[in-house]
Structure formats: structure tokens, C-alpha cells
Amino acid sequence: MTNQIDDKDDDLSANVVEPDENEWKKFIDDMKYVRALEYVLQNAPVRAKDPDKKKKAAHMALSTMMKIKATEIPNAINSIPVPLRDTLMKYVYRGFENPKDYSSSALLTWHEKVLAATGLGSIVRVLTDRRTV
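The name recorded for the protein chain in an unreviewed UniProt entry is Actin-related protein 2/3 complex subunit 5, from Adineta steineri. Regarding the protein chain, the relevant UniProt record gives this comment under Subcellular location (unreviewed entry): "Cytoplasm, Cytoskeleton". In the Sequence similarities (unreviewed entry) part of its UniProt record, the protein chain is described as follows: "Belongs to the ARPC5 family."

A count of helices and strands for the protein chain gives seven helices and zero strands. Its helices and strands taken in sequence order, the protein chain reads α-α-α-α-α-α-α from the N to the C terminus. Looking at the 133 residues of the protein chain, the share that counts as buried comes to 38%. Taking as baseline every contact in the protein chain between residues at least 6 positions apart, the subset at least 24 positions apart corresponds to 76%.

This paragraph deals with the packing of aromatic side chains. Scanning the entire structure with this criterion turns up two aromatic pairs. For the ring pair F27 and Y39, a centre distance of 5.9 Å and an interplane angle of 50° mean the geometry is tilted. With F27 in helix α1 (residues 21–29) and Y39 in helix α2 (residues 33–42), this residue pair connects regions lying twelve residues apart in the sequence. A relative accessible area of 13% places F27 in the buried class. Residue Y39 is classed as buried on the basis of its relative accessible area, which comes to 12%.

About the cut-offs
Residues numbered from 1 in each chain as written. Predicted model: local features only at pLDDT ≥ 70, side-chain atom pairs only at ≥ 80, totals over all residues. Heavy atoms only, no water. UniProt positions renumbered as here; feature names shortened; annotations may be inferred. Helix = DSSP H or I, 4+ residues; strand = E, 2+ residues; numbered from the N terminus. Buried < 20%, exposed > 50% of the residue type's maximum accessible area, 1.4 Å probe, protein only. Contact = heavy atoms within 4.5 Å. Phe/Tyr/Trp six-rings, centres within 6.5 Å; stacked < 30°, edge-to-face > 60°.

Following this line, the structure appears as C-alpha cells:
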């Protein structure tokens, strides 16, 4: 897996995706939290320049993560496709930026479990990737 970006693609707004809040809410209302999280990860606005889009998606991802019980986190991570796990780790770090908004202890549990599933390479990829969430 490579995280290299072609600079020519950075300005293409056609490549920007974002999760639809109504679709996400359907999963939340049905208590399909893992599916809701996967949906947000699949549609993470990593190429977006608009910080509001990134903030909205981060809120969706992090609030969904807070709904998943600590005992269910390992199964949730294992059900998420491997290519999306780095994006999940990005959202964990994004949550650490606002400790008053999201439970730090829950985020530490998520960090521990994602790290166990992905290895140290995930941290290196997340910290070196220019595409943020």
C-alpha cells in the first residue's frame, strides 16, 4: 500500500467525496454502528479543502466510534476492510485533538486495538500522509 499523492490530483474537486449525513443517520438509527463507521471511512473527505466538510465527517466518525462498546471494538476493527483502517487511525488522532468533545479513554482503546490490527506501519502512514481527515 502506498500513500504517495500525485500533486496534479490535489486540486481536482471531482475527487472529493464526503459521507451523506442522512445515509449515516439511517445506520445510526438502525443501531448498525460498525456499518455506519465503515460508511464514513469509505467516504472520508481526504481530498477536501473545506475544513467544514472534514469537521462534519470527523464528527460522524468519532461519534459513531463512541457508540461502539469497548468489548466490541476488536470485532468492529476486524470487520472494517484493511485499506480503511489507516483512515480509522486518522480519525482516532483527530479525536485526540479535541479531548473535551470525545472520551480520551475510549480513543486510547480504539488506538490500542487499531494498532494491534494494523501494526506500527499504520501510525507511520497516518503521520506522514498529507491527506488529512
